[in-house]
Each structure stands twice: as structure tokens, then as C-alpha cells.
Amino acid sequence: MSYPWEDWDHITKIDPDKDLVDGETFEDVCETGTDALEIGGTLDITEEKMERVVEATAKYDVPIYQEPSNPGVVIDDPALDGYLIPTVFNASDSFWITGAHKEWVRIEDGLDWDRTHTEAYIVMNPDSSVAEYTDADTDQSAEDVASFARVAERMFGQDIIYVEYSGTYGDPEKVCAAHDALDDATLFYGGGIHDYDSAYEMGKCADVVVVGNLLHDKGVDAVRETVEGAKDATAELVGAE
Ligand SMILES: CC(C)=CCC/C(C)=C/CC/C(C)=C/CC/C(C)=C/COP(=O)(O)OP(=O)(O)O
Ligand SMILES: O=P(O)(O)OC[C@@H](O)CO
Ligand SMILES: [Mg+2]
């Protein structure tokens, strides 16, 4: 089975609780060259805020995926290409591994399984909201991260492994270790990507880099630079094969 993210280099993550930079529009976001939009955040997300972003982005030619942080914010909108449902492999509370998922399946009838996919998160920044929220054990060596990645792919059949440093730039050695541990799964990296060089460096390790805060803090020109960094990293890797 092949999946769209196998061809992506760059995702822009839009936090529905945050504004775009003054004067910028969702059309500008879609014109950065990013391969997909992921809509989600950890704090203060509501269905209404989600709907607003989906409505504003649906008419452009970039795929849009909802990334819900809890079952209560999932929206049913045909404009969505799909749902990327996190599961946190290093959460201390099993609610964030399978518990929330069980609740979701219990309360919703008729889930659209064809559009529902999971992301196996390894949460690495202890100061992020997502680490606090899921009580993640972020003290993981490169070997630990690689082992989590391998477990996620080989034992739990995950197609997306996500090394998450939300809010801070991570350790490329750990991200590369995760990549080396995978056979076919796609490695997402997110956290602190802020310019061409950081996107290029992480793009050399991860298959897809995810850019979040930069969009809301610095705007679309800064995001475009990260798209270029991520694409150049992939082009060089392909050229070297
Ligand atoms: C079963 C369903 C439908 C949902 C459960 C989904 C789970 C397990 C969520 C766990 C938390 C998680 C991994 C959320 C994804 C979104 C994310 C990482 C947002 C970024 O978080 P931060 O940047 O730390 O938060 P803020 O930007 O909101 O401060
Ligand atoms: O906001 P930043 O630090 O870019 O992180 C992106 C994303 O991985 C957050 O879930
Ligand atoms: Mg954030």
C-alpha cells in the first residue's frame, strides 16, 4: 500500500488556536510549496476553531489533514483528505497510547477508516505542552529513540513515526538514529525548524519535516525557506543514490 506522505518533504502544521501573521492569508500558506497541511495543536482547540481553518484552506490545492489532540475535537468534513491520529509511544499514561482511541471508537459510529491513519509519536521536549499533557518520558538516548521507532514499525505496524521536539530544535543524531532503524515507515520530524539550514539539516535525517510555530511567529516567507531546505536535502539524498 502506498501513502501520500511517502512523497512529502515538508508539512506545515497550523494551530487553529493561533493567528497568522498580520496581512497573511491561508492562500499565502498554500503557496509556500509545502506538501500538506496538518491542522492541530495541544491546547485550547475546539471544533469551531478547527472548522474555521479547514474552510479557509479547502479551496487550495494542498492536502489537508486533521491531527486531533483528543476525541472531542474531531470534525467530520469532506474537505479533509484524512485524519492523522497521534499515539504517544513514550507516554506514561496509557490513555495517550490507546485509551483515547478506544473512547473515540466507542463514542463514534461509522468512523471513516480509509481516511484514518496513525502517527507513532516519540515526544522528546520535556518543556512542551504535549510532553506535559501526555506525561511523556522524554529522557531517551539515540538508541532508545531508534528502538521505539523499530518497535512502532515492526511490532505495531505503524506507517508514520514522528520524532517530536515541539517548540525546540532537536538532536539530529537521535532523529537520524530513528531513520536508520526504519525499513519502510515514513519518519516525520517536528520542532524548532526556523530557517533553511535547520530544515536542511533535519531533512537529511527525517523523510518529512514539520514546521509549526514559525508560521504563526514569522510568517510565510520564513516557512518558504524551510520548504526549500527540506526539498534540497531530499534532492541531494536522491541524487546520491
Ligand atoms: C484518539 C484521538 C482522536 C485523539 C487522541 C490523540 C492523542 C493521543 C494526542 C496526544 C497529544 C498529541 C501528540 C497531540 C498532537 C498535536 C501536537 C503535538 C501539537 C503540538 O503541541 P505543542 O506545540 O506542545 O502545543 P501548543 O502549541 O498547543 O502549546
Ligand atoms: O512548532 P514547532 O516547534 O515548529 O514544532 C512543529 C510540530 O512538530 C509541533 O507538533
Ligand atoms: Mg506548538
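Here is what the cut-offs are and how they apply
Residues numbered from 1 in each chain as written. Chains lettered and ligands numbered in written order. Predicted model: local features only at pLDDT ≥ 70, side-chain atom pairs only at ≥ 80, totals over all residues. Heavy atoms only, no water. UniProt positions renumbered as here; feature names shortened; annotations may be inferred. Helix = DSSP H or I, 4+ residues; strand = E, 2+ residues; numbered from the N terminus. Contact = heavy atoms within 4.5 Å. Buried < 20%, exposed > 50% of the residue type's maximum accessible area, 1.4 Å probe, protein only. Pairing = 2+ DSSP bridges. Right-handed = clockwise from strand over helix to strand, strands pointing away. Near = heavy atom within 4 Å. Polar contact = N/O pair within 3.5 Å; in protein donor to acceptor, adjacent residues only side chain to side chain. Areas by Shrake-Rupley, 256 points an atom, 1.4 Å probe, with all protein chains shown as cover. Nonpolar A, V, L, I, M, F, W, Y, C, P; charged D, E, K, R; others polar. Salt bridge = Lys/Arg side-chain N within 4 Å of Asp/Glu carboxyl O. Phe/Tyr/Trp six-rings, centres within 6.5 Å; stacked < 30°, edge-to-face > 60°.

Identification of the protein chain as Geranylgeranylglyceryl phosphate synthase from Haloferax larsenii is taken from an unreviewed UniProt entry. Looking at the Subcellular location (unreviewed entry) heading of the UniProt record, one finds this comment for the protein chain: "Cytoplasm".

Asker: Quick one: what's the story with the UniProt feature "binding site: sn-glycerol 1-phosphate" (unreviewed entry) in the protein chain, residue by residue and with numbers?
Answerer: Taking the UniProt record as the reference, the feature "binding site: sn-glycerol 1-phosphate" (unreviewed entry) is found at Lys-13, Tyr-162, Val-163, Glu-164, Tyr-165, Ser-166, Gly-167, Gly-192, Gly-212 and Asn-213. Inspection of the secondary structure assignment puts Glu-164 in strand β6 (residues 160–164). If near-sequence neighbours (up to four positions away) are discounted, Glu-164 is found in contact with Lys-13, Tyr-121, Ile-122, Val-123, Met-124, Asn-125, Val-130, Gly-190 and Gly-191. Within the secondary structure, Gly-212 sits in the loop between β8 (208–211) and α8 (213–217). Its relative accessible area of 24% is what places Gly-212 among the partly exposed residues.

Asker: Describe in detail the pairing of strand β4 (residues 82–88), supporting the description with residues and values.
Answerer: For β4, the tally of buried residues reaches 7 of 7 residues, placing the bulk of the element in the interior. Across the two faces of β4 the burial is the same, with Gly-82, Leu-84, Pro-86 and Val-88 and Tyr-83, Ile-85 and Thr-87 all buried. Relative to β4, strand β3 (residues 64–66) is paired through 2 bridges, and the arrangement is parallel. Bridge pairing in β4 links Tyr-65 to Gly-82. Of the pairings in the sheet, the one linking β4 to strand β5 (residues 116–123) comprises 6 bridges and is parallel in character. The residue of β5 that forms the bridge with Leu-84 is His-117. Crossover handedness for the path β4 to helix α3 (residues 99–107) to β5: right-handed.

Asker: Which residues make up the site of ligand 2, and what values go with them?
Answerer: Near ligand 2 you find Lys-13, Tyr-162, Glu-164, Ser-166, Gly-167, Gly-190, Gly-191, Gly-192, Val-210, Val-211, Gly-212 and Asn-213, and these make up its full shell. A distance of 2.7 Å separates an oxygen atom of ligand 2 from a polar atom in the side chain of Lys-13. Taking Tyr-162, its side chain carries an N or O atom lying 2.7 Å from an oxygen atom of ligand 2. Starting from 300 Å² of accessible surface for ligand 2 in isolation, the protein chains cover 92%. Counting only elements with at least two residues in the shell around ligand 2, the list comes to β6 and β8. Looking at the shell around ligand 2 residue by residue, the class counts come to 3 nonpolar, 7 polar and 2 charged.

Asker: Tell me about the environment of Ile-75, residues and numbers included.
Answerer: With respect to the helices and strands, Ile-75 occurs in the loop between β3 and β4. Setting aside its immediate chain neighbours within four residues, Ile-75 contacts Glu-47, Met-50, Glu-51, Val-54, Gln-66, Leu-80 and Tyr-83.

Asker: Before we move on, can you summarise the pattern of salt bridges with the specific residues and values?
Answerer: In this structure the tally under the stated criterion is 11 salt bridges. As a salt-bridge pair, Glu-103 and Lys-102 come within 2.6 Å of each other at their nearest N and O atoms. According to the relative accessible area criterion, Glu-103 is partly exposed, its value standing at 22%. Across the pair Arg-224 and Asp-221 runs a salt bridge whose closest N-O atoms are separated by 2.9 Å. Highlighted residues: Arg-224 and Asp-221, both in helix α9 (residues 220–240), separated by 3 residues, approximately one helical turn. Here Asp-221 falls in the exposed class, since its relative accessible area comes to 52%.

Asker: Residue-level account of the packing of aromatic side chains, with values.
Answerer: Applying the stated criterion across every chain yields a total of 10 aromatic pairs. Taking 6.2 Å as the distance between ring centres and 70 degrees as the angle between the ring planes, the aromatic pair formed by Trp-5 and Trp-8 counts as edge-to-face. Given a relative accessible area of 7%, Trp-8 falls into the buried group. Among the aromatic residues, those joined into a cluster by ring pairs are Tyr-3, Trp-5, Trp-8 and Tyr-65.

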